[in-house]
Amino acid sequence: MASSFGQTVRVSVFGQSHSAAIGVCVDGRPAGEAVDQGPLACVIAPPPTGGRPWATPRREQDAPEVLCGLNPQGRTCGAPLAMEIRNTNTRPQDYDNLRTHPRPGHADYTASVRYGGEQDPTGGGHFSGRLTAPLCAAGGVCLQVLERRGIRVGAHLSRLAQVDDARFDPVSVSAEDLAAPGAKDFPVIDDEAGRLMRERIDRARGEADSVGGVIECAAIGMPAGVGAPMFDGLENWLARALFGIPAVKGVEFGAGFAASDLRGSQDNDPFVIEGGAVRCATNNAGGINGGISNGMPLVVRVAIKPTSSIGVPQRTVDLARGVQDELVVRGRHDPCIAPRAVPVVEAVVGCVLLDALMSNPATLPEALS
Ligand SMILES: Cc1cc2nc3c(=O)[nH]c(=O)nc-3n(C[C@H](O)[C@H](O)[C@H](O)COP(=O)(O)O)c2cc1C
């Protein structure tokens, strides 16, 4: 299974939804970096649900245990950093029938074909959204390294069930703007949009159905000149890693697909000198030209499909008997994945940006303190 990404900062995720533990190994970070483990747990485990309609009732002890890679002073020692999260709250009986009755929209059928029926189907096995918890731990470490160098990453739900949030200002988004949605109970810029989104999630839950959404993520402080043309560009690396988040079905940069409706005179970002530095007056490129950062905020949006495990009866097949059948999915599933995926997108972007900087160390800014 290809569960690793990164060229210099290499992130490898392991485990299954219901195995003893899940975890991650991160290789290639700079040595001597302090790691505050508090924010790692915080990124993974938002506060208890307390009636939040968008969160799954399954709770776990999501704080990662650092197994190795830190010195006694709590700084990275240069060796691979491994973190583990124990799985304790599992109900494998909810998934008994999925080996023979694949869930439409999930990976049960394709995994069964690919791995000859040897895959672990409980809770989605290695395809479970739970595998994003170690991703968040890895990203939490990388984000701390970036933050120390003035690079900030933040995300919010820009659309959910056809309700739009405001967008980050692609030219002048600030560190405060990036941090604000993640500090809220529901990660949006406009709280009224957030209220409508939650209503839609609630409605979907009431109808045993699910909804999808779009996450917008931006990074500021990235120096110009990071990346490469053609197949190793920043867009390529980000897209590859972001598509590794389960349920991601689309990735766009800057104006993205909407750029195809513009004229060149509208889409081009004019160059200007500001405070002695080259900037762009607009940012339709999302901070990347030719695969290389141009010093403007990096802006990427990620489309998350509706949760495939729904309580509505669906058509499937009985693989054992080779006949058409019906499936009602049991188990604990979010009626919407997108809110929980917001910190995951931040984490993955953090890993990729640190990887891009470490792959050309001349571009890595000095630590600020
Ligand atoms: C944070 C997160 C939580 C998820 N939770 C669920 C879930 O509860 N039920 C479900 O069917 N899919 C869930 N998923 C999505 C599935 O893991 C994903 O749809 C599946 O692996 C198939 O992959 P694909 O959608 O990328 O094709 C979740 C994804 C993420 C990122």
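Look above for the structure.
Residues numbered from 1 in each chain as written. Predicted model: local features only at pLDDT ≥ 70, side-chain atom pairs only at ≥ 80, totals over all residues.

Chemist: I'm lost on the pairing of strand β2 (residues 10-15) in this one. Help?
Modeler: Two faces make up the sheet, and in a regular strand the side chains alternate between them. Of the two faces of β2, the one holding V11, V13 and G15 is buried and the one holding R10, S12 and F14 is not buried anywhere. Here strand β1 (residues 4-5) runs beside β2; their pairing, made up of two bridges, is antiparallel. Across the sheet, S4 pairs through a bridge with S12, a residue of β2. Taking the residues between adjacent antiparallel strands as the criterion, β1 and β2 are bridged by four residues, where G6 takes a positive phi near 105 degrees. Here β2 folds back onto strand β3 (residues 21-27), and the loop between the two strands holds five residues. (Buried ≥ 20, exposed ≤ 12 C-beta atoms within 10 Å, placed from the backbone. Helix = DSSP H or I, 4+ residues; strand = E, 2+ residues; numbered from the N terminus. Pairing = 2+ DSSP bridges.)

Chemist: What exactly am I supposed to notice about the sheet that holds β1 here?
Modeler: Strands pair in a sheet through their backbones, by hydrogen bonds, and they do so in one of two ways: parallel or antiparallel. With antiparallel pairing, the five strands of this open sheet are ordered in space as β1-β2-β3-β5-β4. At either end of the open sheet lies a strand with only one pairing partner, and these are β1 and β4 (65-68). Those strands touched by helix α3 (residues 132-147) are β2, β3 and β5 (81-86), and its axis lies near 30 degrees from that of β3. (Contact = placed C-beta atoms within 7 Å. Axes fitted to C-alpha atoms, helices over the stretch in contact; angles between N-to-C directions.)

Chemist: It is not clear to me how the pairing of strand β6 (residues 152-160) should be interpreted in this structure. Could you clarify?
Modeler: For β6, the tally of buried residues reaches nine of nine residues, placing the bulk of the element in the interior. Sheet topology note: the β6/strand β8 (residues 213-220) ladder contains eight bridges and is antiparallel. From the neighbouring strand, H156 faces β8, where its bridge partner is E216. By the bridge criterion, two bridges tie β6 to strand β7 (residues 163-164) in an arrangement that is antiparallel. Bridge pairing in β7 places R159 opposite D164. The antiparallel pairing of β6 with β7 creates a hairpin that spans two residues between the two strands, and A161 there sits at a positive phi of about 45 degrees.

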